[in-house]
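Here are the chains, one letter per residue:
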Amino acid sequence: MEIKEHWEKVYRQKPIDQLGWWEEDPSASLQLIQRCELPLQGHILDIGCGASTLADRLLEMGYTRLTLVDISQTALDTLKKRLVIPEGATVKFIQDDITQPEAVWNIPEIDLWHDRAVLHFLVDETDRQMYRKVLHHRVRDGGYVCIAAFSLEGAKKCSGLPVKNYSAQTLAEFLGNTFRLLEWFPYVYYQPSGNPRPYVYTLFQRIPGKQKTENTVD
Ligand SMILES: C[S@@+](CC[C@H](N)C(=O)[O-])C[C@H]1O[C@@H](n2cnc3c(N)ncnc32)[C@H](O)[C@@H]1O
């Protein structure tokens, strides 16, 4: 089955609060996002946003410029229906595949790239390289990257798909030497079924003024 169809089916089959990654309270992400001290008009991208509550919380906190990208149109439609967008805020919903980027390649520069539980689904090296290429292309000089992925002790499969596990160090190696690791912590998320899912949460900054090197893709 095509990967897009897989995710469409997942979001059609179950209420979102029964999905194995649903969280009412995205406070682990918010803890790292707040550390960036972005202006409220900073451009925040949530890649593979699904129907996550992160956008709801960011809008409640006063952030006004969000881009929400997912491969699943069903997930985006669910989110669109639920989100209360205050006057003056701009929220863009983009259906795209990060491994074959079209619209996402051309979005304006990003102050903060957020990913919870998306990169770890990319097990193919070509797909990982493309993800990194888009990230390097769109995150501004001095911008931030927050990635939460299954840790080395974490699950080896999710949603019936294989995953690649990470540590803060392997994520740092993945991003390359134009990014500096600012903070990381282990975090155990509990699925609606009660099963523990160990993650690693990381925050990086693109080192201001640092030239790209052969260690980066683009
Ligand atoms: C485990 S869910 C996490 C959703 C959300 N980030 C959250 O924390 O609730 C993974 C999400 O990544 C999306 N996704 C998977 N592969 C993708 C790809 N190649 N490009 C864009 N989104 C993708 C899926 O549709 C799904 O919404």
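Structure's up top.
For clarity, every value in this text was computed on a predicted model and none was experimentally measured.

Now for the sheet that holds strand S1 (residues 44–47). In space, the 7 strands of this open sheet follow the order S3-S2-S1-S4-S5-S9-S8, with mixed pairing throughout. Taken across any chain shown, the strands that pair with only one partner, and hence form the sheet edges, are strand S3 (90–95) and strand S8 (179–190). Here the average twist between neighbouring strands, direction ignored, is 15°. Looking at chain direction, strand S5 (residues 139–150) and strand S9 (residues 196–206) are connected through 7 bridges and run antiparallel. Residue pairing for S9: Tyr144 is matched across the bridge by Gln205. Sheet contacts for helix H4 (residues 73–82): strand S2 (65–70) and S3; angle to S3, the most-contacted strand, approximately 160°. Together, S1, strand S4 (110–116), S5, S8 and S9 form the strand contacts of helix H5 (residues 125–138), whose direction differs from that of S5 by roughly 145°.

Attention shifts here to the packing of helix H1 (residues 3–13) against H4. Relative to each other, H1 and H4 sit at 40°, their axes nearing to 7 Å. On the basis of their axis angle, the class for H1 and H4 is oblique. Contact residues: Lys4, Glu8, Tyr11 and Arg12 in H1; Gln73, Thr74 and Ala75 in H4.

What follows is about the nonpolar core. By size, the foremost hydrophobic cluster in this structure holds 47 residues, and its most contacted members are Trp7, Leu58, Leu66, Leu68, Leu83 and Leu112. Once you skip the residues sitting within four places of it in the chain, Leu68 turns out to touch Asp46, Cys49, Ala55, Leu76, Leu79, Leu83, Val91, Lys92, Phe93 and Ile94. Listed in part, the 26 residues of the second largest apolar core include Leu45, Ile147, Tyr166 and Phe179.

So, on to the packing of aromatic side chains. Counted according to the given criterion, the structure contains 10 aromatic pairs. Seen in terms of ring centroids, Tyr11 and Trp21 are 6.1 Å apart; in terms of plane orientation they differ by 70°. Their pairing is edge-to-face. Of the two residues, Tyr11 is situated in helix H1 and Trp21 in the loop between H1 and helix H2 (27–35); the sequence distance between them amounts to 10 residues. Each member of the pair, Tyr11 as well as Trp21, is classed as buried. Judged by centre distance (6.2 Å) and plane angle (90°), the ring pair of Tyr189 and Tyr199 falls under edge-to-face. Note that Tyr189 is positioned in strand S8 and Tyr199 in strand S9, a separation of 10 residues in sequence. Tyr189 sits in the buried class, given a relative accessible area of 5%.

Thresholds applied
Residues numbered from 1 in each chain as written. Predicted model: local features only at pLDDT ≥ 70, side-chain atom pairs only at ≥ 80, totals over all residues. Heavy atoms only, no water. Pairing = 2+ DSSP bridges. Helix = DSSP H or I, 4+ residues; strand = E, 2+ residues; numbered from the N terminus. Axes fitted to C-alpha atoms, helices over the stretch in contact; angles between N-to-C directions. Contact = heavy atoms within 4.5 Å. Parallel < 35°, antiparallel > 145°, perpendicular 65-115°, else oblique. Core = buried A, V, L, I, M, F, W, Y, C linked by side-chain atoms within 4.5 Å. Buried < 20%, exposed > 50% of the residue type's maximum accessible area, 1.4 Å probe, protein only. Phe/Tyr/Trp six-rings, centres within 6.5 Å; stacked < 30°, edge-to-face > 60°.

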